[in-house]
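Residues per chain, in single letters:
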Amino acid sequence: VALGLYFPRKEYLENVYIDEPAGMPLLRIHALKDSHEEVAHFHLCQHLIISRARSHENNWFQIREKKGLLYLSKSLDREDFNMLSVGNWMPLSKVMLYVFLSSHPFQEKECDSATRATVFLSLINATAPACSSLTARQLCFTEMDLSFHIKENKPPGTFHQLQLPSVHHLCQNLSISYKLLAAEGVPFRYDEATTSVQVTQRLDREERERYELIAKCTVREGLREMQVEVPFLVNVLDEDDSPPFLPNGTDTADAVVEFNRKEGTVLSTLTVYDADTTPIYPLESSRKKYTGTIITDDPWISETFRVEHIFDEIHFSPNGSQVRGTRHEY
């Protein structure tokens, strides 16, 4: 089933300062494809949600439909800040925006697409700090963790840009460069020209479920050089594409029933492994996925015996990396 385009992360965070100019780029949002033919279109719902309670018409933020670049369409002044903050004594106000994704151009006011990401903006009651006063960490990375979810078996594509659009726009006297530190042969590539990170091939969760890389940033200002490193994590999302399997290929188990057995006596067990899925909660959802049934026409057998199903999470180790799966015992 083609589920369409998707966001490699569901939440984005950014700071917005008073009097930053219209046209100021704030944040780059990416989408990954379900199939090669798809073209991503981004759309911003024209309502700001303030303090999770009330909403306000969005007059300040826009997104480039084909590039996913969120920018200021109008400078945010003190009057705007007071209107958008819960009380104007607050040093910052948090507002929330929804970005929607579609493989076709959006119709006006379309705000109900299932595929959406949330952008949390901290509106700060001060002008943007001077670049020289920012730490290397602030110049290189936002407060967000660099943690992404990529679906297995999907086409390669760009899923993140390391360079911060706002810092790049404001701090042009600084030289900021990045590297992605990773083991040989991992399926990710860093493009120095665009500072973007791409997944280079289809991933297989049954081979590897998690990749742990490091993003390294170097800031140069004249003769001064600062470096900062942060974890860069990619989790591979599962698609139900591998059938369950039996250890040693054994699909039958013999049961010997003696007289005077107590109720609850285990007569025989059969084990089934599933490398594809892990137990989900509530447990009934996992239980319904596989059922154990005694096939018989004899009502006495149906009344006297029952199949119990217990399951737990186990780890497989293909290629030396741990992958979660489920062991079902009947």
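Values in this document were obtained by computation on a predicted structure and should not be read as measured data.

Section: the state of the cysteines
Working step 1: In the structure shown here, the tally under the stated rule is two disulfides.
Working step 2: One disulfide bridge connects Cys131 with Cys171, the sulfur atoms lying 2.0 Å from each other. Taking the torsion about the sulfur-sulfur bond, which here is approximately -85°, the covalent link between Cys131 and Cys171 counts as left-handed. With Cys131 in the loop between strand 9 (116-124) and helix 2 (136-140) and Cys171 in the loop between helix 3 (165-170) and strand 12 (175-181), this pair connects stretches of sequence that are 40 residues apart.
Working step 3: Two residues share a disulfide in this structure: Cys140 and Cys217, whose sulfurs sit 2.0 Å from each other. Residues Cys140 and Cys217 share a disulfide whose torsion about the S-S bond is about -65°; that sign makes it left-handed. Of the two residues, Cys140 sits in helix 2 while Cys217 sits in strand 15 (residues 210-221), which places them 77 residues apart along the sequence. Note on accessibility: Cys140 and Cys217 belong to one class, buried.

Some thoughts on the pairing of strand 18 (residues 310-316)
Working step 1: Here strand 18 runs beside strand 19 (residues 323-329); their pairing, made up of seven bridges, is antiparallel. Opposite Asp312, over in strand 19, you have Arg327 as the bridge partner.
Working step 2: Where strand 18 hands over to strand 19, the hairpin turn is made up of six residues, of which Asn319 adopts a positive phi near 50°.

Some thoughts on unusual backbone geometry
Glycine aside, negative phi is the norm for most residues, and most peptide bonds take the trans geometry.
Working step 1: At Asn153, a residue that is not glycine, the phi angle is positive and equals roughly 65°.
Working step 2: Locating Asn153 in the fold gives a position in the loop between strand 10 (146-151) and strand 11 (157-161).
Working step 3: Of note in the backbone geometry, Asn248 takes a positive phi value of approximately 60° without being a glycine.
Working step 4: As for its placement among the helices and strands, Asn248 is situated in the loop between strand 16 (224-237) and strand 17 (271-274).

Remarks on the sheet that holds strand 18
Working step 1: The sheet built from three strands is open, its strands ordered 17-19-18 with antiparallel pairing. Two strands lie at the open edges of the sheet, namely strand 17 and strand 18, each paired on one side alone. Averaged over all neighbouring strand pairs, the angle between strand axes comes to 25°, with direction disregarded.

Here's the deal with the nonpolar core
Nonpolar side chains tend toward joint burial in soluble globular proteins.
Working step 1: Counting residues in hydrophobic clusters, the biggest one holds 34 residues, and the most contacted among them are Phe141, Ile150, Phe159, Leu162, Phe188 and Phe232.
Working step 2: Those elements giving two or more residues to this core turn out to be helix 2, strand 10, strand 12, strand 13 (188-191), strand 14 (196-199), strand 15 and strand 16.
Working step 3: If we ignore the near neighbours within four places in the chain, the residues touching Phe141 are Leu146, Leu162, Leu164, Tyr178, Ala215, Cys217, Val228 and Val230.
Working step 4: Within the second largest apolar cluster, 32 residues are counted, among which are Val16, Leu44, Leu48 and Val119.

Section: the pattern of salt bridges
Working step 1: Overall, the coordinates contain 14 salt bridges when judged by the stated rule.
Working step 2: Two residues, Arg324 and Glu209, come together in a salt bridge whose shortest N-O distance is 2.6 Å. Remark: Glu209 occurs in the loop between strand 14 and strand 15 and Arg324 occurs in strand 19; sequence separation between them is 115 residues.
Working step 3: One salt bridge in this structure joins Arg261 and Glu258, with 3.6 Å as the shortest N-O distance.
Working step 4: Assessed through its relative accessible area of 47%, Glu258 is described here as partly exposed.

Some thoughts on the environment of Asp204
Working step 1: Looking at the element boundaries, Asp204 is found in the loop between strand 14 and strand 15.
Working step 2: Here the alpha-carbon distance between Asp204 and Leu174, two residues 30 residues apart in the chain, equals 40 Å.

Concerning the sheet that holds strand 16
The strands that make up a sheet pair up through hydrogen bonds in the backbone, lying either parallel or antiparallel.
Working step 1: An order of 10-16-15-12 is seen for the four strands of this open sheet, with the pairing classed as mixed. Across the chains shown, the open sheet's two edge strands, defined by having one partner strand only, are strand 10 and strand 12. Sheet twist, expressed as the mean angle between neighbouring strand axes with direction ignored, is 25°.
Working step 2: Here strand 10 runs beside strand 16; their pairing, made up of six bridges, is parallel. Opposite Lys151, over in strand 16, you have Leu237 as the bridge partner.

Section: the UniProt feature "domain: Cadherin" (unreviewed entry) in the protein chain
Working step 1: Taking the UniProt record as the reference, the feature "domain: Cadherin" (unreviewed entry) is found at residues 142-246.
Working step 2: Note that residues 142-246 is 6% helix and 50% strand, and that its end C-alpha atoms are spaced 47 Å apart.

Quick notes on the rules
- Residues numbered from 1 in each chain as written.
- Predicted model: local features only at pLDDT ≥ 70, side-chain atom pairs only at ≥ 80, totals over all residues.
- Heavy atoms only, no water.
- Disulfide = S-S within 2.5 Å.
- Helix = DSSP H or I, 4+ residues; strand = E, 2+ residues; numbered from the N terminus.
- Buried < 20%, exposed > 50% of the residue type's maximum accessible area, 1.4 Å probe, protein only.
- Pairing = 2+ DSSP bridges.
- Axes fitted to C-alpha atoms, helices over the stretch in contact; angles between N-to-C directions.
- Core = buried A, V, L, I, M, F, W, Y, C linked by side-chain atoms within 4.5 Å.
- Contact = heavy atoms within 4.5 Å.
- Salt bridge = Lys/Arg side-chain N within 4 Å of Asp/Glu carboxyl O.
- UniProt positions renumbered as here; feature names shortened; annotations may be inferred.

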